[in-house]
Amino acid sequence: MELRQLQYFVTVAQHGSFTRAAQLLHLTQPGVSSQIRQLERELGHRLLDRSGRTVRLTPVGEAVLPHARAALASAAAARHTAEEFGGLRRGHVRLGMVAGAALTPPSELGTFPGLATTLAAFRQAHPGIDFSLTEDTTARMLGALRDGRLDLAVIGLPTPASGREGDDGWSALAGLALHTVLEVPLVAACAERHPLADGPGSGDFPGSGDFPDPGDFPGSGDFPDPGRNALPVAALAGHTLVSTPRGTGLRTALECALAEAGVDPTVGIEAAAPPQLAELAAHGLGVAVLPDPGPVPGLRVRPLADPVPRVRIALAWPTGQPASPPTAALVAHLRQAYPGPAAAQSPAGTAAPSAMCSSATAPSSTSRPSGK
């Protein structure tokens, strides 16, 4: 059985005529008829009824036709895939990302490019590949990845707040591959006149001395000194909190930390992205829990302790079936541009392993992600 025989059979069946099929296939009518008869002999059944003015399918032909079409479609897909790998001349990638996830580090670090710069470099290398960029919450993007509505996403995930083995703060990651880009602690930010702005130092709160040493965070000069005025998560009780909506990695990390500290979440105001959280907090609307926002007029920032909530920014893509060549190429490009915290500990000349959410042990970085 040959693909060309199936193609001849499908074309005759579609048009009900050997003559018309031969014209469309740019062949002679006897040649088409001969190949289909060979197919019928191989299958042991007649596929076409030639007794009338119009060629019709026999019962066996009707049963075989869907399989013939499927075989031709699979062959075409295989050919198309091979062509794309040969040069990635064309394609489309549906990319999702949490709001504000520019993946741009503080300017004084400059350890990796922003997302726009990285995509521009990829597009220059593959001008035929287009993008669809969508902003959404992590929870909805995880569903879109599984449903096939997204090919790749930049998501925010909580990291273990309790420190217990297996506590990843998230339960909806099956069927996805993850590559950690960076990992940061969350801080409390409030207006200068807020009761928590200049509260007692860490020594006045039981257990607050457990805040990690600054040396635990490479480049941690960007974060407030943990030994200066660290604020236990339990101290947030009774205060209006400002956070991202439910379903975001930042909100889940906050709620995990509150639960660990035995405090019920009291989020009173929600905003889409950390810059909005910082602005709302600076205007006295509550205490924002977010990655360190840097200098913001009117805003006081205090590190959190007992526990230290952290959030991870990661690339995620489905593993249920092979990624399309454009998606696979973009994933490889992004992983090279953003090797992740584990890269610093990898031996020279070896590839850094991807830090999976269920067992991430990579050290924190200092970039300011959205954490949604």
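If you're wondering where the values come from, they're calculated on a predicted model, not measured in any experiment.

Each value, and the rule that gives it
Residues numbered from 1 in each chain as written. Predicted model: local features only at pLDDT ≥ 70, side-chain atom pairs only at ≥ 80, totals over all residues. Heavy atoms only, no water. Axes fitted to C-alpha atoms, helices over the stretch in contact; angles between N-to-C directions. Helix = DSSP H or I, 4+ residues; strand = E, 2+ residues; numbered from the N terminus. Parallel < 35°, antiparallel > 145°, perpendicular 65-115°, else oblique. Contact = heavy atoms within 4.5 Å. Phe/Tyr/Trp six-rings, centres within 6.5 Å; stacked < 30°, edge-to-face > 60°. Pairing = 2+ DSSP bridges. Core = buried A, V, L, I, M, F, W, Y, C linked by side-chain atoms within 4.5 Å. Buried < 20%, exposed > 50% of the residue type's maximum accessible area, 1.4 Å probe, protein only. Salt bridge = Lys/Arg side-chain N within 4 Å of Asp/Glu carboxyl O.

Trainee: Could you give me a rundown of the packing of helix H1 (residues 3–15) against helix H3 (residues 29–43), with the residues and numbers involved?
Mentor: Where H1 meets H3, the axes come as close as 9 Å, and the angle between the chain directions of the two elements is 110 degrees. With respect to H3, the element H1 is oriented roughly perpendicular. In contact with Arg4, Gln5, Leu6, Tyr8, Phe9 and Val12 of H1, H3 contributes Val32, Gln35, Ile36, Gln38, Leu39 and Glu42.

Trainee: How would you explain the packing of aromatic side chains if you had to name every residue and give the values?
Mentor: By the definition in use, this model includes 1 aromatic pair. Seen in terms of ring centroids, Phe122 and Phe131 are 6.0 Å apart; in terms of plane orientation they differ by 55 degrees. Their pairing is tilted.

Trainee: Explain the pairing of strand E3 (residues 91–97) to me, using residue names and the numbers behind them.
Mentor: For E3 and strand E4 (residues 129–135), the ladder comprises 7 bridges, and the chain directions are parallel. Its bridge partner lying in E4, Gly96 is registered against Thr134. Alignment of E3 against strand E5 (residues 152–158), held across 3 bridges, turns out to be parallel. Its bridge partner lying in E5, Gly96 is registered against Ala153.

Trainee: Just give me the short version of the nonpolar core, but keep the residues and values in it.
Mentor: The biggest cluster of nonpolar side chains holds 53 residues, and the ones touching the most others in it are Leu152, Leu236 and Leu290. Top element by residues in this core is strand E6 (residues 176–191). It accounts for 9 residues. Non-local contacts of Leu290, meaning those with residues more than four positions away in its chain, are made with Pro185, Leu186, Val187, Ala189, Leu250, Pro274, Leu277 and Ala278.

Trainee: Let's hear about unusual backbone geometry: which residues, and what values?
Mentor: Glycine aside, the phi torsion of most residues is negative, and most peptide linkages are trans. Each neighbour pair has its own omega, and for Asp306 with Pro307 the value is -5 degrees, a cis peptide bond. Here Pro307 lies in the loop between strand E11 (299–305) and strand E12 (310–318). Phi is positive for His26, close to 60 degrees, though the residue is something other than glycine. Secondary-structure assignment places His26 in the loop between helix H2 (18–25) and H3. Relative accessible area serves as the criterion here: at 73%, His26 is assigned to the exposed category. Mapping Asp306 onto the fold places it in the loop between E11 and E12. Judged by relative accessible area, which is 25%, Asp306 ranks as partly exposed.

Trainee: Could you give an account of the pattern of salt bridges, naming the residues involved and the relevant values?
Mentor: Per the counting criterion, the structure on display carries 10 salt bridges. We note a salt bridge from Glu40 to Arg50, for which the minimum N-O separation is 3.2 Å. Taken together, the positions of Glu40 in helix H3 and Arg50 in the loop between strand E1 (48–49) and strand E2 (56–57) put the pair 10 residues apart, joining distant regions of the chain. A relative accessible area of 7% means that Glu40 is categorised as buried.

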